[in-house]
Amino acid sequence: MQAYVGIDVHRRRSQIAVLDESGRTAVNRNVVNGRETVLGVIGDLPTGTPVAFEAAYGWGWLIELLHDYGFEPHLAHPLQCKAIASARLKNDKVDAATLAHLLRTDLLPEAWIAPAAIREQRAVLRHRAQLVRLRTLLRNRIHAVLADHGCDRMGRAGNCWSAPGRAWLDELPLPDSVRRAVADRLEVIDTLQQVIDRLDATLAQAAKADPRVKALTALPGIGPLSALVIVAEVGDIRRFSSARKLASWAGLTPTVRGSDRTVRYGHISKQGDPWLRWIMNQAAQTAKRTEPYAACFEQIAHRRGRKFATVAVARKLLTHAYHLLRDLDAAKEPCTTA
């Protein structure tokens, strides 16, 4: 007998619903998250049983469990599920049963499940990005402390993080408590830098081995690390049939509100991969000063402002990246002769 499983995943517990092929609820149980507890509910189901769950906090362990025991995982898109299966009564039992029902009726809006290797690469790159953000936060706090004491102008020292900058910091007439706070932050920054450098060495090797990175670095504003982020976040380029769909997935397309003959375009949706959107905006900061993007940037900036123009350059850059990746993927496919 065919069964369909829906799991409403939460941080500590999950609701598991099992429907039979006629849609009758066989099980709808709340369990503590863990391999043994989940298998206690679905472990007796046959290999290949489809299991649907939403992309939520901490779902990686569930993917591994389902793959290990031969189940067929289906990752549901949360917003599209809400649009399809909105209901007045909403609780964990209803949500789990709804997921199983959408799966049984072939109406489940699915999201792509990245292979384990891509998920691992994403984790490393996101980890590095978060460390860099933390380093930037600490540097900004040091600047704020120095500005509060009228010492934020460095003159010839360059910046606070170079050897001359550190010497300049040591010579500042700061109160002991302030000097201690600056020294503590510098110590954490130095520790972070060691970890970042170690990650950079590992990622540099991965960048050299990937031809997609070499292709993407031909675009202005995209270096090896930026290219690695794009490759990891996009994953299989063949899942996007056009550059517009990739831009939409990155949240770089405008929202559209249309009624009758009136169509209004709003701000970008920001619904999609935030890491891809972030790295494309970072690359656009450099690309907008080089051709062929500079003319486009100036034209849009004159009409809409520099922020709109930067986002437009980011989308244009992603469009070019899409075509590079598609061409490279097509070149890898073996030619067949009649």
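Structure: above.
In short, a report on the structure. (Residues numbered from 1 in each chain as written. Predicted model: local features only at pLDDT ≥ 70, side-chain atom pairs only at ≥ 80, totals over all residues. Heavy atoms only, no water.)

Brief notes about the nonpolar core
Counting residues in hydrophobic clusters, the biggest one holds 40 residues, and the most contacted among them are L216, L276 and M280. Listing elements by their share of this core, those giving two or more residues are α7 (176-208), α8 (211-216), α9 (224-234), α10 (243-249), α11 (274-287), α12 (293-304) and α13 (306-332). Ranked by the residues each element gives to this core, the list is headed by α13, at 8 residues. When residues no more than four places from it in sequence are discounted, the contact partners of L276 are I230, E233, V234, L246, W249, A250 and L318. Counting residues in each nonpolar core, the second largest holds 20 residues, with V9, V18, V31 and V51 among its members. (Core = buried A, V, L, I, M, F, W, Y, C linked by side-chain atoms within 4.5 Å. Buried < 20%, exposed > 50% of the residue type's maximum accessible area, 1.4 Å probe, protein only. Helix = DSSP H or I, 4+ residues; strand = E, 2+ residues; numbered from the N terminus. Contact = heavy atoms within 4.5 Å.)

Here's the deal with unusual backbone geometry
At the junction of E291 and P292, the peptide bond is cis and its omega measures out at 10° in the coordinates. Residue placement: P292 occurs in the loop between α11 and α12. Even without glycine at this site, D106 takes up a positive phi of about 60°. Here D106 shows up in the loop between α4 (92-104) and β6 (110-111). According to the relative accessible area criterion, D106 is exposed, its value standing at 70%.

Concerning the environment of H101
Positionally, H101 belongs in helix α4. A relative accessible area of 35% places H101 in the partly exposed class. In this structure the C-alpha to C-alpha distance between H101 and E72, which are 29 residues apart in sequence, comes to 16 Å.

Re helix α5 (residues 116-148)
Compared with an ideal rise of 1.5 Å per residue, which puts 33 residues at 48 Å, α5 spans 48 Å between its outermost C-alpha atoms and is within 8% of the ideal. G150 lies just past α5 and shows a positive phi near 70°. (Expected span 1.5 Å × (residues − 1).)

What to know about the pairing of strand β2 (residues 13-20)
Counting buried positions along β2 yields 7 of 8 residues, so the element is predominantly enclosed. Counted between consecutive antiparallel strands, the loop separating strand β1 (residues 3-9) from β2 contains 3 residues. Judged from the 7 bridges that link them, β2 and strand β3 (residues 25-32) form a sheet pairing that is antiparallel. Bridge pairing links I16 to R29 in β3. Between β2 and β3, which pair antiparallel in sequence order, lie 4 residues; one of them, G23, sits at a positive phi of approximately 95°. (Pairing = 2+ DSSP bridges.)

Quick look at the pattern of salt bridges
Tallied over the full model, the rule gives 11 salt bridges. Put simply, E64 and R119 hold a salt bridge, and the shortest N to O gap is 2.5 Å. Of this pair, E64 sits in helix α2 (residues 60-68) while R119 sits in helix α5, and the two are 55 residues apart along the sequence. In this structure, the salt-bridge partner of E233 is R122, at a minimum N-O distance of 3.9 Å. Of this pair, E233 sits in helix α9 while R122 sits in helix α5; the two residues are 111 residues apart in sequence, bridging distant segments of the chain. Three or more residues are tied together by salt bridges with common partners; here these are R122, R126 and E233. (Salt bridge = Lys/Arg side-chain N within 4 Å of Asp/Glu carboxyl O.)

Overview of the environment of G251
With respect to the secondary-structure elements, G251 resides in the loop between α10 and β7 (254-259). Counting along the chain gives 10 residues from G251 to S241, while the straight-line C-alpha distance between them is 16 Å. Each residue touching G251, except ones within four places of it in the same chain, is listed here: I268, S269, K270, Q271, G272 and R277.

Re the environment of Y322
For Y322, the location among the structural elements is in helix α13. With sequence-adjacent residues up to four places away left out, Y322 is seen in contact with I237, F240, S241, S242, A243 and L246. A polar contact of 3.3 Å, which involves the side chain of Y322, links it to the backbone nitrogen of S242. (Polar contact = N/O pair within 3.5 Å; in protein donor to acceptor, adjacent residues only side chain to side chain.)

Thoughts on the side chain of D95
If you trace the backbone, D95 turns up in helix α4. Looking at D95, the relative accessible area reads 17%, which means it is buried. Among all residues touching D95, those that are not within four sequence positions of it are D8 and K90.

Quick notes on the packing of aromatic side chains
Think of a pair of aromatic rings as described by two things: how far the centres are apart, and how the planes are tilted against each other in angle. Under the criterion given, the structure shown has 3 aromatic pairs. Ring centres of F240 and W249 lie 5.3 Å apart, and the angle between their planes is 55°; this geometry places the pair in the tilted category. With centroids separated by 5.9 Å and ring planes inclined at 90°, the aromatic side chains of W275 and W278 adopt a geometry described as edge-to-face. With W275 and W278 both in helix α11 and 3 residues apart, the pair spans about one turn of that helix. Take W278: its relative accessible area is 27%, and that puts it in the partly exposed class. Taking NZ or CZ as reference, R304 lies 4.2 Å from the ring centre of F308, over its face. (Phe/Tyr/Trp six-rings, centres within 6.5 Å; stacked < 30°, edge-to-face > 60°. Lys NZ or Arg CZ within 6 Å of the ring centre and 35° of its normal.)

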